[in-house]
Amino acid sequence: MSQPMIENRDYYFNKEGLMVMTAAWHLRRGYCCGNGCLHCPYDYEKVPEPKKSHLLQAREDKPSP
């Protein structure tokens, strides 16, 4: 990932001012890091249980925009 990151494509800042990586950025990285990222496109495959199950359930419960 030697390309420079672009705001709103690779990341954005949430209400608390924290940088949030997008699904597009995660896909370019190519793997799940196991931290439970909000936009993880890999279904949290490296996140340990029970956190993984909680994250997947929260994703299902969240209404679509």
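Here the structure is a predicted model, which means the values were calculated and not measured.

**Remarks on the pattern of salt bridges**
Now for step 1: Evaluated as defined, the whole model comprises three salt bridges.
Now for step 2: Notably, a salt bridge pairs Arg 28 with Asp 10, separated by 1.6 Å at the nearest N-O pair. Of this pair, Arg 28 sits in helix α1 (residues 23-29) while Asp 10 is found in the segment before β1 (11-13), placing the two residues 18 residues apart along the sequence.
Now for step 3: We note a salt bridge from Arg 59 to Asp 43, for which the minimum N-O separation is 3.4 Å. You can see Arg 59 sitting in helix α2 (residues 51-61) and its partner Asp 43 sitting in the loop between α1 and α2, a full 16 residues away along the chain.
Now for step 4: Among the residues examined, Asp 43 registers a relative accessible area of 45% and is labelled partly exposed.

**Overview of the confidence of the model for the protein**
Now for step 1: Taken over all residues, the pLDDT of the protein has a mean of 94, while the share at 70 or more is 95%.
Now for step 2: The weakest mean pLDDT in the protein belongs to α2 at 95; the strongest belongs to β1 at 98.

**Here we look at unusual backbone geometry**
Now for step 1: Residues Glu 49 and Pro 50 are joined by a peptide bond in cis, for which omega reads 5 degrees.
Now for step 2: Tracing the chain through its elements places Pro 50 in the loop between α1 and α2.
Now for step 3: Backbone geometry at Asn 8 places phi at a positive 75 degrees, although glycine is not the residue there.
Now for step 4: Along the polypeptide, Asn 8 turns up in the segment before β1.
Now for step 5: Relative accessible area serves as the criterion here: at 64%, Asn 8 is assigned to the exposed category.
Now for step 6: For Asp 43, which is not glycine, the phi torsion reads 55 degrees and is therefore positive.

Criteria and thresholds
- Residues numbered from 1 in each chain as written.
- Predicted model: local features only at pLDDT ≥ 70, side-chain atom pairs only at ≥ 80, totals over all residues.
- Heavy atoms only, no water.
- Salt bridge = Lys/Arg side-chain N within 4 Å of Asp/Glu carboxyl O.
- Helix = DSSP H or I, 4+ residues; strand = E, 2+ residues; numbered from the N terminus.
- Buried < 20%, exposed > 50% of the residue type's maximum accessible area, 1.4 Å probe, protein only.
- pLDDT = per-residue confidence, 0-100.

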